[in-house]
Amino acid sequence: MSLLTLTDVTKTFGGLTAVGNVSFTVEEGSIVGLIGPNGAGKTTTFNLITGNYKPNLGKIVFDGRDITGLPTHRIVTLGIARTFQTIRLFQRMSVIENVLAGAHCRMKAGVFSGMFKPPAERREEREVLELALAELEFVGLRDQAENLACNLSYGNQRLLEIARALATKPRFLILDEPAGGMNEQETERLLQLIRKLRERGITVLLIEHDMALVMRACENLVVLEYGEKIAEGPPEVVKKNPKVIEAYLGAD
Ligand SMILES: Nc1ncnc2c1ncn2[C@@H]1O[C@H](COP(=O)(O)OP(=O)(O)OP(=O)(O)O)[C@@H](O)[C@H]1O
């Protein structure tokens, strides 16, 4: 079953077409890579899916529902979460507080609201804390919960971003260059983590410049160049596509 479908989506900035007539589908439970040279329109596509941008034309359907142009907070509650190309953590807050900030959008009451709370609210807070700790455990940062986010290594900050996104209980997770700045060992851990996400039933859409990771992690790739889709299919087929080879060689 297709979880996400983009149909003829276009986004322009002034005279520049950042994304032009792009259509693709992400099947539920799959790991799909969105790749292409710098400036190809990958991040813009992510921003269109997550409601950070509104498309000029086209339609985005998630789980059978038209989400085109919905505000980001509505899209998050429908089950789409993301991480960012540049790390966006609360650097002076603890690791667990960063994850709680993600969980917050699912709570009826605020996490930090008041001292005298009714039992239902306290129960909800306990549950949210347990959820946040479980997500830290999942990404391998449980023992860092009390540490400040700024004290984590770059690779671990990226994992923390994933934990924070997971705390929103997504069905669909969008990862923007998760391996950026990671060493080989951290990238290997990330690959295992992405596979574990799928085992949890979470569908993953990934932008990544580390081609070795993309080829190993994804079962399907969508390739953009100058805002247009130039290829789509399994990695072993896409990597032999002359248009893709030319796009990458041309970029180098
Ligand atoms: N907010 C914006 N205002 C104007 N132009 C933009 C904006 N965002 C992106 N662009 C332009 O749109 C095009 C696509 O950019 P985008 O960031 O989506 O590409 P990308 O494939 O994610 O690139 P990279 O791999 O370098 O992150 C580029 O030419 C970029 O300069």
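Please read all numbers here as calculations on a predicted model, not as lab measurements. (Residues numbered from 1 in each chain as written. Predicted model: local features only at pLDDT ≥ 70, side-chain atom pairs only at ≥ 80, totals over all residues. Heavy atoms only, no water.)

Further remarks concern the site of the ligand. Of all residues adjacent to the ligand, which total 14 residues, the nearest are Gly-39, Gly-41, Lys-42, Thr-43 and Thr-44. Here Asn-38 contributes a side-chain N or O atom positioned 3.3 Å from an oxygen atom of the ligand. The contact in question runs from a nitrogen atom of the ligand to an N or O atom on the side chain of Tyr-53, over 3.3 Å. For the shell around the ligand, the secondary structure elements donating two or more residues are strand E2 (16–27) and helix H1 (42–49). Taken together, the residues that form the shell around the ligand break down as 6 nonpolar, 7 polar and 1 charged. (Near = heavy atom within 4 Å. Polar contact = N/O pair within 3.5 Å; in protein donor to acceptor, adjacent residues only side chain to side chain. Helix = DSSP H or I, 4+ residues; strand = E, 2+ residues; numbered from the N terminus. Nonpolar A, V, L, I, M, F, W, Y, C, P; charged D, E, K, R; others polar.)

Let us now look at the packing of aromatic side chains. In the structure shown here, the tally under the stated rule is 2 aromatic pairs. Between Phe-13 and Tyr-53, the ring centres sit 5.3 Å apart and the planes meet at 75 degrees, which makes this aromatic pair edge-to-face. One end of the pair, Phe-13, is in strand E1 (residues 2–13); the other, Tyr-53, is in the loop between H1 and strand E4 (57–62), with 40 residues separating them in the sequence. Owing to a relative accessible area of 35%, Phe-13 belongs among the partly exposed residues under this scheme. For Tyr-53, a relative accessible area of 29% corresponds to the partly exposed category. Summarising the aromatic geometry, the rings of Phe-62 and Phe-172 are spaced 6.0 Å apart at their centres and angled 50 degrees between planes, so their arrangement reads as tilted. Remark: Phe-172 occurs in strand E7 (residues 172–176) and Phe-62 occurs in strand E4; sequence separation between them is 110 residues. Look at Phe-62 and you get buried, because its relative accessible area is 2%. Just above the ring of Phe-138 sits the side chain of Lys-196; from NZ or CZ to the centre is 4.7 Å. Lying over the aromatic face of Phe-138, Arg-200 brings its terminal NZ or CZ to 4.4 Å of the ring centre. (Phe/Tyr/Trp six-rings, centres within 6.5 Å; stacked < 30°, edge-to-face > 60°. Buried < 20%, exposed > 50% of the residue type's maximum accessible area, 1.4 Å probe, protein only. Lys NZ or Arg CZ within 6 Å of the ring centre and 35° of its normal.)

A word on the confidence of the model for the protein. Per-chain confidence: the protein averages 90 in pLDDT, with 93% of residues scoring 70 or above. Within the protein, the element-level pLDDT minimum falls on helix H9 (residues 242–251), averaging 83, and the maximum on E4, averaging 98. For this predicted complex, the interface score ipTM comes out at 0.96, alongside a pTM of 0.89. (pLDDT = per-residue confidence, 0-100.)

Moving on to the side chain of Lys-42. With respect to the helices and strands, the residue Lys-42 is situated in helix H1. With no salt bridge to any partner, buried Lys-42 finds its closest opposite charge in Glu-177, at an N-O distance of 5.8 Å. Of note is the side chain of Lys-42, whose polar atom sits 2.8 Å from the backbone oxygen of Gly-36. At a separation of 3.0 Å, a polar atom in the side chain of Lys-42 contacts the main-chain carbonyl oxygen of Pro-37. With near-sequence residues (within four places) excluded, Lys-42 lies in contact with Leu-34, Ile-35, Gly-36, Pro-37, Ile-207, His-209 and Leu-224. (Lys, Arg positive; Asp, Glu negative; His and termini not counted. Salt bridge = Lys/Arg side-chain N within 4 Å of Asp/Glu carboxyl O. Contact = heavy atoms within 4.5 Å.)

Turning our attention to the nonpolar core. In this structure, Leu-136, Val-139, Leu-160, Ile-162, Leu-166, Leu-173 and Leu-190 are the most contacted members of the largest nonpolar core, which totals 49 residues. With 6 residues, helix H5 (residues 154–166) is the single largest residue contributor to this core. The contact partners of Val-139, leaving out residues within four places of it in the chain, are Leu-159, Ile-162, Ala-163, Leu-166, Arg-189 and Leu-193. Residues Phe-24, Leu-34, Leu-48 and Phe-62 belong to the second largest nonpolar core, which totals 26 residues. (Core = buried A, V, L, I, M, F, W, Y, C linked by side-chain atoms within 4.5 Å.)

What follows deals with the environment of Glu-28. Within the secondary structure, Glu-28 sits in the loop between E2 and strand E3 (31–35). Exposure remark for Glu-28: the relative accessible area of 34% places this residue in the partly exposed category. Residues Glu-28 and Glu-124, 96 residues apart in the sequence, show an inter-C-alpha distance of 30 Å. The contact partners of Glu-28, leaving out residues within four places of it in the chain, are Met-1, Ser-2, Leu-3, Arg-171 and Thr-203. A polar contact of 3.0 Å, which involves the side chain of Glu-28, links it to the side chain of Arg-171.

Below, the discussion takes up the packing of H5 against helix H6 (residues 184–199). Orientation of H5 relative to H6, taken along the N-to-C sense of each, is 15 degrees, at an axis distance of 10 Å. One finds that H5 runs roughly parallel with respect to H6. Note on packing geometry: the crossing formed by H5 with H6 is right-handed. Contacts from Gly-155, Asn-156, Leu-159, Ile-162 and Leu-166 of H5 reach H6 at Glu-186, Arg-189, Leu-190, Leu-193 and Leu-197. Residue composition of the contact of H5 with H6, grouped by class: 6 nonpolar, 2 polar and 2 charged. (Axes fitted to C-alpha atoms, helices over the stretch in contact; angles between N-to-C directions. Parallel < 35°, antiparallel > 145°, perpendicular 65-115°, else oblique. Left-handed = near helix turned anticlockwise from the far one by under 90°.)

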